[in-house]
Every structure is written in structure tokens, then in C-alpha cells.
Amino acid sequence: MPDRSDNYQLLSWPKTKIDREIWNSVLGDIAARLTAREDLEASFESLIEQGTQASLDYVQATIAPQLENLQDEIEEARAQIEEIIGSGTAPNSAKLGGQLPTYYASVSYVDGELVDLAAAVETSLGFKADKSTTFTKVEVNDLLAGRLALAGGKMAGAIDMAGYALTNAGAGVGNYIKGLITTRPSALVISVAAGEFKCNGKLAVNAAPLTKNLNALWAAGSGNGGRLEATALAANATYHLHAYLNNATGAFEWGYSLSATGPALAGYTWVGRFWIVILDGTGSNIRAFTQTGNKCLLDTSQLEATLGANFARTSVAWTSIPSGLSVDALVVLNANSINANPSSVAMYAYDGNSGAGASTADLSATAYSTSTSTGVNGTANGPVRTGTAKNIWISCNMGGSGGNAQGYVNGWIDYQLPPRMY
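Anyway, here's the lowdown on the structure attached to this text. Model, not experiment: these values are computed from the prediction.

Moving on, we come to the environment of Ala-356. Here Ala-356 lies in the loop between strand E17 (343–350) and strand E18 (363–369). Ala-356 sits in the exposed class, given a relative accessible area of 59%. Taking the C-alpha atoms as reference, Ala-356 lies 6.9 Å from Arg-313; in sequence the two are 43 residues apart. Filtering out sequence-adjacent residues up to four positions away, Ala-356 remains in contact with Arg-313 and Trp-393.

A few words on the sheet that holds E17. If you walk across this open sheet you meet the four strands as E15-E20-E17-E18, and the pairing is antiparallel. If you trace the sheet from one side to the other, it starts and ends with strand E15 (311–317) and E18, each paired once. Ignoring strand direction, the axes of neighbouring strands in this sheet form an average angle of 15°. As judged from the five bridges shared by E15 and strand E20 (residues 391–400), these two strands associate in the antiparallel manner. The partner of Val-316 across the bridge, within E20, is Ile-392.

Right, let's get into the environment of Ser-257. Positionally, Ser-257 belongs in strand E11 (residues 252–257). In this structure Ser-257 comes out as buried when scored by relative accessible area, which is 0%. Along the chain, Ser-257 and His-240 lie 17 residues apart, while their C-alpha atoms are 5.2 Å from each other. If we skip the residues at most four places from it in the chain, Ser-257 touches Leu-228, Glu-229, Thr-238, Tyr-239, His-240, His-242 and Pro-263. In terms of polar contacts, Ser-257 uses its side chain to reach the backbone amide nitrogen of Ser-259, at 3.0 Å.

With that settled, consider unusual backbone geometry. In this structure, Asn-236 is a non-glycine residue whose phi angle is positive, near 60°. Looking at the element boundaries, Asn-236 is found in the loop between strand E9 (224–227) and strand E10 (238–246). Here the phi dihedral of Lys-390 falls at roughly 65°; this positive angle occurs in a residue that is not glycine. Position of Lys-390 among the secondary structure elements: in the loop between strand E19 (377–385) and E20. Look at Lys-390 and you get buried, because its relative accessible area is 11%.

The rules behind the values
Counting restarts for each chain, with residues numbered from 1 along the sequence as it is written. The predicted nature of this model means local features are confined to residues of pLDDT at least 70 and side-chain atom pairs, given and counted, to a pLDDT of 80 or more, with totals for whole chains, interfaces and linings taken over all residues. The side-chain values count all of the structure's non-hydrogen atoms but skip hydrogen atoms and water molecules. Strands here are runs of E lasting at least two residues and helices are runs of H or I lasting at least four, both read from the DSSP assignment and numbered beginning at the N terminus. Only protein chains enter the area calculation, which uses a 1.4 Å probe; residues under 20% of their type maximum are buried, those over 50% are exposed, and those in between are partly exposed. Residue contacts are counted whenever heavy atoms from the two residues lie within 4.5 Å of one another. The criterion for strand pairing is that DSSP finds at least two bridges linking the strands in question. Between N-to-C directions, angles cover 0 to 180 degrees, with each direction set by a line fitted to C-alpha atoms, over the stretch in contact for helices. N or O atoms within 3.5 Å of each other form a polar contact, as long as, within protein, one can give a hydrogen and the other can take it, and as long as residues adjacent in sequence are counted only when both atoms are side-chain atoms.

The structure is reproduced here in C-alpha cells:
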């Protein structure tokens, strides 16, 4: 029964009839996941609303009275200054720092100091406030953005913010990729589009396209080198694209690595792997491709095998399959019987992790002819699960006068990446 663990995929063989049981099972599970996601979003909206209202209450109850008191003290100080200048006697010298009246040069001097103090308060608040001031939610958000971002305490209304800082509102959301579509502007350059990547408990946001050159060692910033190891480029090498967060700024960065697990990068925290590219047979070009979600389609179908005789089940490493992890290679098998005498030919592809023992083929192409004058052709295309060393298992059986068979790779589906969010 297809389920979320295999992305609701059906095997190519045997044929599976989509009956009510399968339909209800698959769509019921998808509906449950959508409902859970909607409930989660609703809970965060409620939390934000409560936090904002609590902050508004806090401002009204605490900051507004303080501003009112400050306004009263300024008025009182001005009155005392007038009395000092007029009579030469300080009614309450302690409030004026314990200084004699001659300490204050003039009314305008002291008045200017008080005005500057009031202006500084107004600047820090973002607007002028007095006894009649009211606060909107937008103003509260601007004033207390830093306060709301702090978790661990209780806000007014006994709202416990521990572990629920608004800056971490996505903590309960599962891993996902949104955007970050890759393109190949030139032979050894990849550009990563804007997007988001949630993986390994971290969220990375790329605000603008970020381009890296595989032919140079990594340096921060778009247009610079991106290779995370000093190892020279080699034919058919696989490079994994890894996302990082700048520890100081939280900015998004990425780089190429020969490892499926991102290497350490000083000053940065690894987020996760988000794409793969492969070099061609010369080692001087990234194989041209088009990305659609987590599917990579090579611009040119790669012929990997041509067989003209019986070929027992054997593990083969095909150059245009990624290494370092398992993917679903998009394979095409083409089997042709010879154009004379009764003949047959059959080619099979098996999961690269299945071993040499008997198992059901992921893909099969067969052809059979009883004619003495014409041959026949059998083709098949679809995903074949690979091993971590570019490998799948294949076999070829030929009868009568035999025939020939070919195997191609059109790309792959990176089934181990987080799901795409659109």
C-alpha cells in the first residue's frame, strides 16, 4: 500500500489497480497531514495574536504612566528653574543635582537640555507620547520587537513564552524546501535561486540568487568560488550542494562538496544537503540539466551500456548516476531482436541495493520474434533505485539468433531530500 514513507509511489510491476481501498488510504493520509498542518498554522496565528495583545497591555500599563510622570517632572523642573533665576533661591536643590543657582547658566540652557532629553526618549520610542497617547498593534510590534523575540519568560496575561519565541515560530514545522531552484549559467557555475530550507532543526532563508564557481575554493558571497575541498575536479565526479548559516548574521550560504554530509565551515553552521550535480567525462563541465522540484533531468540522455550477448545479473556503476547516496535513477532500457530467424531478447534493471540474489526487477524491456524476416523492439523507462556507488543491477537474456540491448540514464529523483513546498 503506498504511503508517505515512499511518497505514495506505486511499483512499475506488477500493475496495481487503484481501487477504493488504495484511494481512501492515500488520500486519507494526505488529508490527515493537511489537517495537521492547518491546525499548526492556526495555533501559531493564535499565539501571535495573544502575544501582540499582551504586549499592547504591557505598554498601556507600564510605559504610558512612565511617560506621563516624565512629562510632569519636566514641567516641574521648568517651574523651579524660573524660580531660581527670579529669586536666586533653589526650592529643592537636590532635584537639580545639589548645585548652586550660578551653576545653571540660563533658562534657555537648562530648557534646551530638558528638550534634548525629551527628544531622546521620543526617538527611542519612535514617536511623541503624552497622557492621551494610545498605541496601535503596529506601533507595539515596532517598539517591542526585541522584547517579543525573547523566549523564556511570562508576558502579561500569564502567556508562557518559554520555547515559543516568535522568531522560532516555525520550530514545529517539518523539514521542507521552498524555492532554491538551481540552474547552470556556465560550464562550472551553479546559481541557486531565492528560497527557504528547513532541515536538521535549522531554517535557512536565501533572499536573492547566489552563484558559486565549482572551479575555485569556497569564499563567501555570490560570484565567488564554492568548492569546499581542495581535491581537483575529476571525470564524472558527484558534488553535493550544502546550505550553511552564518553564525554572526544568520545569512544563507552554500558550497559544493564531494561528501553527502556537509564538511565543517569556519564561522558557519551546516543546515543540510539540497541538490546534486555531476561532472561529465572530461571533468571540466557540470552535466547540463533542468531541475523540476527534486527531479533532475539531464539535457542529454546518457548511453551507459550496449549489450550484444547474454549478460548474467551483475552490479554495474553507470557514470551519470550520482555517487555518495541512493537516488531513483531515471533509466531507459531498449531491447532489439535480430532481424532474421526466431529470436528473443530481454533486459532487466534491479535495485542497486538488492544484491545478487533473486528479486523483482524495477524495470524490464523484452522483445520476441517468430518471423524470419523482421525483428521486434521492446522498451521500458522508469525509476530504478541505486546504491551509493552509482550502481544498479542489470541482466540480459538472448535467445535464437540473439539481438542487442542498451541502457540509458535520463536523470534522477533525489528521494532523500525534504519535500517541496510551493
